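Descriptive structure summary
Below are the chains, spelled out letter by letter.
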Amino acid sequence: MTGHEVTLEWPDGRRDTVTVEPRETVLEAALRDGVRLPYDCRKGTCTACVGRLRSVDGDDADAEPSAESESIDAAAAFDYRRQPEALTERERADGYVLLCIAMAHADCRVAVGPMVRAELGDSPWG
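As a starting point, this report considers the structure included with it. Quick caveat: nothing in here was measured; it's all calculated off a predicted structure. (Residues numbered from 1 in each chain as written. Predicted model: local features only at pLDDT ≥ 70, side-chain atom pairs only at ≥ 80, totals over all residues. Heavy atoms only, no water.)

Describing the overall build of the chain
What counts here: A helix here means a DSSP run of H or I that spans at least four residues, while a strand means a run of E at least two residues long, and both kinds are numbered starting from the N terminus. The cut-offs for exposure are 20% and 50% of the maximum accessible area for each residue type, with area from a 1.4 Å probe on protein chains only; residues under the lower value are buried, those over the upper are exposed, and the others partly exposed. For this analysis, residues touch if any pair of their heavy atoms sits within 4.5 Å. Note that accessible areas follow from Shrake-Rupley with a 1.4 Å probe, and for residues the cover is restricted to the protein chains shown.
Secondary structure summary: the chain contains three helices and seven strands in total. Along the chain, from the amino end to the carboxyl end, the secondary structure elements read β-β-α-β-β-α-β-β-β-α. Residues counted as buried form 45% of the 126 residues belonging to the chain. Counting contacts in the chain only where the partners sit at least 6 residues apart, residues at least 24 apart contribute 59% of the total. Accessible area of the chain: about 6,900 Å², with a carbon and sulfur share of 46%.

Dropping the structure here:
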């Protein structure tokens, strides 16, 4: 099985695409490729590494986020190594994903950076 392409989209418009191999997390793939993502616990108990799923398999490749955008459930593109304790079921259904424990099972685009974390708010564990 081959890996999946995950495009990380930053608030300044920069995009970094990493190939996430089977059983590898997005954070591990990013660090391997020299892409600096924020992270802290690496266990899914904080929200330092949070991203928000924007599209799966190239859907809406040119769409910009808006308040009217329909959320994509993170399960559409990611499995987890362990239960993401810092996210509620509603947050996962709204597309939020903890990149330190998330393993991609589809090509996708993910918004990353401090604005995504600000949307989510503080971790219940921090």
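After that view, the rundown keeps rolling.
A word on the pairing of strand E1 (residues 4-9)
Convention followed: Here a strand pair is declared whenever DSSP counts at least two bridges between the two strands.
Of all six residues making up E1, five are buried, and the element is well covered by its neighbours. Adjacent in sequence and paired antiparallel, E1 and strand E2 (residues 15-20) are bridged by five residues, among which glycine 13 carries a positive phi angle near 95°. Strand direction decides the pairing type here: E1 and strand E7 (residues 108-111), joined by four bridges, are parallel. Paired with threonine 7 across the bridge in E7 is arginine 109.

What to know about the sheet that holds E2
The following threshold applies: For helices, the fitted line uses only the C-alpha atoms of the stretch in contact; every axis is such a line through C-alpha atoms, and the angle between N-to-C directions lies from 0 to 180 degrees.
Taken together, five strands build an open sheet; the order of strands is E2-E1-E7-E3-E5 and the sheet is mixed. Only two strands of the sheet have a single partner each, and these edge strands are E2 and strand E5 (96-98). Averaged over all pairs of adjacent strands, the angle between strand axes in this sheet comes to 35°, irrespective of strand direction. When strand E3 (residues 50-56) meets E5, the two strands line up antiparallel, connected through three bridges. What sits directly across from glycine 51, in E5, is valine 97.

Focus: the packing of aromatic side chains
To be explicit about the condition: Centre distance within 6.5 Å is the pairing criterion for rings of Phe, Tyr and Trp, where only the six-membered ring of Trp is used; planes under 30 degrees apart are then read as stacked, over 60 as edge-to-face, and the remainder as tilted. Ring-over charges, as used throughout, are those where CZ of Arg or NZ of Lys falls within 6 Å of the ring centre and within 35 degrees of the ring normal.
If you walk through the whole model with that rule in mind, you get zero aromatic pairs. Its end group placed over the ring of tyrosine 39, arginine 42 keeps NZ or CZ at 5.2 Å from the ring centre.

Quick word on unusual backbone geometry
Phi at arginine 23 takes a positive value of approximately 70°, unusual for a residue other than glycine. Mapped onto the secondary structure, arginine 23 falls in the loop between E2 and helix H1 (26-32). Even without being a glycine, arginine 42 presents a positive backbone phi close to 60°. Structurally, arginine 42 can be placed in the loop between H1 and E3.

All quantities given are derived from atomic positions and should not be read as evidence of function.
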